[in-house]
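# Breakdown of the fold
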Amino acid sequence: MTDGSSLTMPVNLSDWLTLANVLLTAVFAGLTFFILRANRAAVAAMRDQMADQNRPFVAVTVQVRTGTPVIQLLVKNVGRSPAQNLRLHLDRDFFQFGEKGEGRNLAKQSAFSQTIDCLPPLSELLFDLGVGHQIFAGGVDQAVCPHTFTVSAEYQHVKNKYSEQTHVDLRPYMGTSVPQHPVVEEMERVRKSIDKLTSTVKQSANAAFNARGAEDKND
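Just so you know, these numbers come straight off a predicted model, no measurement behind them.

### Thoughts on the sheet that holds strand S1 (residues 58-64)
Here three strands make up an open sheet; going across it, the order is S1-S2-S5 and the pairing antiparallel. Across the chains shown, the open sheet's two edge strands, defined by having one partner strand only, are S1 and strand S5 (124-131). Averaged over all adjacent pairs, the angle separating strand axes in this sheet is 20°, with direction ignored.

### So, the nonpolar core
Ranked by size, the top nonpolar core spans 31 residues in total, and within it Leu 73, Phe 94, Phe 112, Leu 129, Phe 149 and Leu 170 carry the most contacts. Dropping the residues within four chain positions of it, Phe 94 is found in contact with Arg 104, Asn 105, Leu 106, Ala 107, Leu 129, Ile 135, Val 144, Cys 145, Pro 146, Phe 149 and Leu 170.

### Overview of the side chain of Ser 152
In this structure, Ser 152 sits in strand S6 (residues 148-157). Those residues in contact with Ser 152 that sit more than four places away from it in its chain are Arg 87, Leu 88, His 89, Glu 164 and Gln 165.

### A word on the pairing of strand S2 (residues 70-77)
Burial analysis of S2 places seven of its eight residues in the buried class, the great majority of the element. As judged from the seven bridges shared by S1 and S2, these two strands associate in the antiparallel manner. Looking at the pairing, Ala 59 lines up with Lys 76 of S2. Remark: five residues form the turn of the hairpin made by S1 and S2, two consecutive strands paired antiparallel; Gly 67 in that turn has positive phi of roughly 80°.

### Re the sheet that holds strand S7 (residues 160-169)
Note on sheets: strands pair through backbone hydrogen bonds, and any given pair is parallel or antiparallel. Spatially, S4-S3-S6-S7 is the arrangement adopted by the four strands of the open sheet, whose pairing is antiparallel. Lying at the two open borders of the sheet, with one neighbouring strand each, are strand S4 (116-119) and S7. For this sheet, the mean inter-axis angle between neighbouring strands, taken without regard to orientation, is 35°. Pairing analysis gives three bridges linking strand S3 (residues 83-90) to S4, with the strands arranged antiparallel. Along S4, the bridge assignment pairs Ala 83 with Leu 119.

### Looking at the pattern of salt bridges
One pass over the full model with this rule turns up four salt bridges. Its salt-bridge partner being Glu 154, residue Arg 87 comes within 2.9 Å of it at the nearest N-O pair. With Arg 87 in strand S3 and Glu 154 in strand S6, this residue pair connects regions lying 67 residues apart in the sequence. The class for Glu 154 is partly exposed, based on a relative accessible area of 36%.

The rules behind the values
Residues numbered from 1 in each chain as written. Predicted model: local features only at pLDDT ≥ 70, side-chain atom pairs only at ≥ 80, totals over all residues. Heavy atoms only, no water. Pairing = 2+ DSSP bridges. Helix = DSSP H or I, 4+ residues; strand = E, 2+ residues; numbered from the N terminus. Axes fitted to C-alpha atoms, helices over the stretch in contact; angles between N-to-C directions. Core = buried A, V, L, I, M, F, W, Y, C linked by side-chain atoms within 4.5 Å. Buried < 20%, exposed > 50% of the residue type's maximum accessible area, 1.4 Å probe, protein only. Contact = heavy atoms within 4.5 Å. Salt bridge = Lys/Arg side-chain N within 4 Å of Asp/Glu carboxyl O.

Quick look at the structure:
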């Protein structure tokens with residue numbers, strides 16, 4: 001007679017091999033799924049990063065005009081693509097140089113009241129707000145020259161729409177020094193030196209002319 005256990009052993013071994021093959025296939029399938037999902041996430045992140053790098057970006061900043069105490073509001077597209085259908089809005093009236101009149105109300109000017117078809121990359125809009133000592137003068141009417149206000153910008157590029165709000169605070173500029181450009185300062189020194197030399201030459205020429213006239217009279 002043949003031992004029954006010896007007949008069942010090959011069958012059991014085949015079953016175990018089949019089960020191991022199924023488990024290995026499932027593991028590989030799971031790893032493949034996770035790899036594909038990770039690749040999709042990486043591609044999406046790279047796509048978003050490229051979109052962020054190439055998108056338009058309208059930045060609103062405050063600066064002081066070099067060599068003067070004039071405070072300016074700068075709106076600039078610092079992105080790599082044009083900002084299309086740009087709408088700028090000022091949440092408060094701001095009268096430039098404290099001159100109360102509709103023509104001086106920044107909030108009513110064309111850039112803040114009408115849609116701008118396109119603001120190309122690196123293009124900028126520059127607005128004079130006023131002189132520092134006037135804006136920060138004691139008792140200044142905050143309805144005329146507010147020290148804080150918000151500029152909102154809505155625009156689009158292709159199918160993407162963007163919206164930003166910038167809170168502008170002029171108070172940190174109170175008591176600051178007027179910025180000077182070193183090249184401009186040096187040119188100013190040269191100009192003064194030339195003016196002084198020109199004046200000296202003129203005085204010497206006049207003195208020589210007067211001396212010559214006196215000699216002619218004596219002759």
